[in-house]
Every structure is written in structure tokens, then in C-alpha cells.
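Breakdown of the fold
Now for the letters of each chain:
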Amino acid sequence: MSDKYYELKYRFSSQLDEMDGERYVTTYKVKIYEGEFKEYSNKKLLIGKLTVKLIHVTLALDNDYPLHYILDTDQYTLEIGQQIFDIEREEIREDIQGFYKGDILNSDICLLTRIEICESHRRQGIGKKVVKDVYNRFRGSCGLFVVQAFPLQFESGVKKGNLGPLPKWSKKMNFSSLENDFEKAFYQLKAFYQKIGFDHIDGYNELMFLNTSFINEKMDKILLE
């Protein structure tokens, strides 16, 4: 048995004000820690970060709140949401529904917007266990999980010299150690998500989907040791 363990701490906030668009999007900031099974020790090391957005479409529509107002709460949600939803009909696009033969639990969407594992802990199977933990916690709360397969090392500003002195977390991430060929990195990332049960749908090159209506045998095989 390993003397290491891993812990995810989920954090979100909610305001008791009028039901504006932000009330229908819950953003979870997650920190991933590594600890050791040692007596009289509770030392934990931050090894990763994760951002999850749960879009409460069903609740919004029940309250007659327009879908496009929800999606417009931030640029990322808007860009992804416009690809997933038919805004005028306020429902998931027909080709996505068709891929799943209309069998989608509901219109609520869980976006895995960002997963970061620091360089020292990559290629240890931690990423897929993190995704499974998110899957276990939110699969009863959404119809689809959606992830954008965009390699973080190609984001604007992360390349060496663009930001001046790197902050501590960026040094731990060491983006320069990741694959520097975009096409190769992109397909590696898509392959990672397909291996754990996400689907590619024609016409949605960057997006990948996981339907909570179906048993996910690939995800079930991931052991949370």
C-alpha cells in the first residue's frame, strides 16, 4: 500500500441576492493535495488545481430566465455554451442530442474548464482519478460533462518571457516541459479523455462529451486508491 494519499478540496460561493445570470452558474475552485500516512503529521503538498462550472439550465428555464443571459456571465461560458446550445430554442443542439439518440438526462452542463497537475506529479495517473472524482460528485447533477481539449501550454502568456518572472505556481507547472507541437499535444489530450470515457462528436473538434445517462465502463475501471 502506498504511503501517499490524495485529497481534493472543493470551494464555491453563493450570494443571497436577486436571481441574475451568475446565480445559475456555480463555479467550483478545486485544489489537489498530496499527503502522507505518517503519525503526528498532517503535512500536505499542493500538486494541482481544477476549475469546474455547473450550469443550472433546468432551474433557469423553470424560473423563465433566458439561457443567453446565463451564458453571458463570462467569456469562457459564452464561447462554450454557444457551441453546445441552440440559444433560440434554449436546448442542447440537435446534433449532440442525435449522437445520444435523445437520451440525455437533462440540459444541465458540467464544464471541466481547467485541470492542472504540476510537473513533478504528471504521468502517475492522478489526472484521470481527479476527473473520476468530479464525475462521481456531479453526475447526478447534470446531463452532460463537457471538456475543451485545449493544451494549456499554448495559452496566451504562458510561454517563456511573455510574463517576466514566473510566479511560484507557474514554475511548478513548468509548461515548457510539455509537448511543444500543438497538433500532437491536442490529439494526446483528446486521446486522454477518450480513454476515460469521453466522446468525440463530429463538428465539435475541441469539445468532448460524457453523457451521464449511460454506464461509463471506462470511468468505472479507474481505481481511486
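Our subject is the structure listed above.
Rules used in this analysis
- Residues numbered from 1 in each chain as written.
- Predicted model: local features only at pLDDT ≥ 70, side-chain atom pairs only at ≥ 80, totals over all residues.
- Heavy atoms only, no water.
- Helix = DSSP H or I, 4+ residues; strand = E, 2+ residues; numbered from the N terminus.
- Rg over C-alpha atoms; globule rule 2.2 N^0.38 Å.
- Buried < 20%, exposed > 50% of the residue type's maximum accessible area, 1.4 Å probe, protein only.
- Expected span 1.5 Å × (residues − 1).
- Arc of directions from axis to C-beta.
- Contact = heavy atoms within 4.5 Å.
- Polar contact = N/O pair within 3.5 Å; in protein donor to acceptor, adjacent residues only side chain to side chain.
- Core = buried A, V, L, I, M, F, W, Y, C linked by side-chain atoms within 4.5 Å.

Moving on, we come to the overall build of the protein chain. Along the backbone of the protein chain there are eight helices and eight strands. A globule of 225 residues ought to have a C-alpha radius of gyration of about 17 Å, and the protein chain, at 19 Å, matches this closely. Projecting the C-alpha coordinates of the protein chain onto the three principal axes gives extents of approximately 55 × 40 × 40 Å. Across the 225 residues that make up the protein chain, the buried fraction comes to 40%.

Side chains of residues three or four places apart in an α-helix project in the same direction, reflecting 3.6 residues per turn. Here helix H7 (residues 182-195) spans 20 Å end to end across 14 residues, near enough to the 20 Å set by a 1.5 Å rise per residue. Those residues of H7 lying buried are Ala185, Phe186, Lys190 and Tyr193. When H7 is viewed along its axis, its buried side chains cluster within an angular range of 135 degrees and face the same direction. Summarising the contacts, the buried residues of H7 are in contact with strand S6 (109-117), strand S7 (144-148) and strand S8 (207-211). Count one or two residues on from H7 and you reach Gly197, which has phi positive near 110 degrees.

Residues Thr77, Leu78, Ile80, Gly81 and Ile84 constitute the buried set of helix H3 (residues 75-84). You can read the cap of H3 off the contacts: a side-chain oxygen lies 3.0 Å from the backbone nitrogen of Tyr76, and it is on Asp74.

Here the focus is the nonpolar core. As a rule of thumb, nonpolar side chains are buried together in soluble globular proteins. In terms of nonpolar packing, the biggest core is built from 34 residues, with Cys110, Phe138, Phe145 and Phe198 touching the most fellow members. Elements with a minimum of two residues in this core: strand S2 (25-36), strand S3 (44-55), S6, helix H5 (126-138), S7, helix H6 (168-173) and S8. If we skip the residues at most four places from it in the chain, Phe145 touches Cys110, Leu112, Val134, Tyr135, Phe138, Arg139, Phe198, Met208, Phe209, Leu210 and Thr212. Formed by 25 residues, the second largest nonpolar core is a distinct cluster that contains Ile55, Val57, Leu78 and Tyr204.

Taken by themselves, the reported measurements are silent on function.
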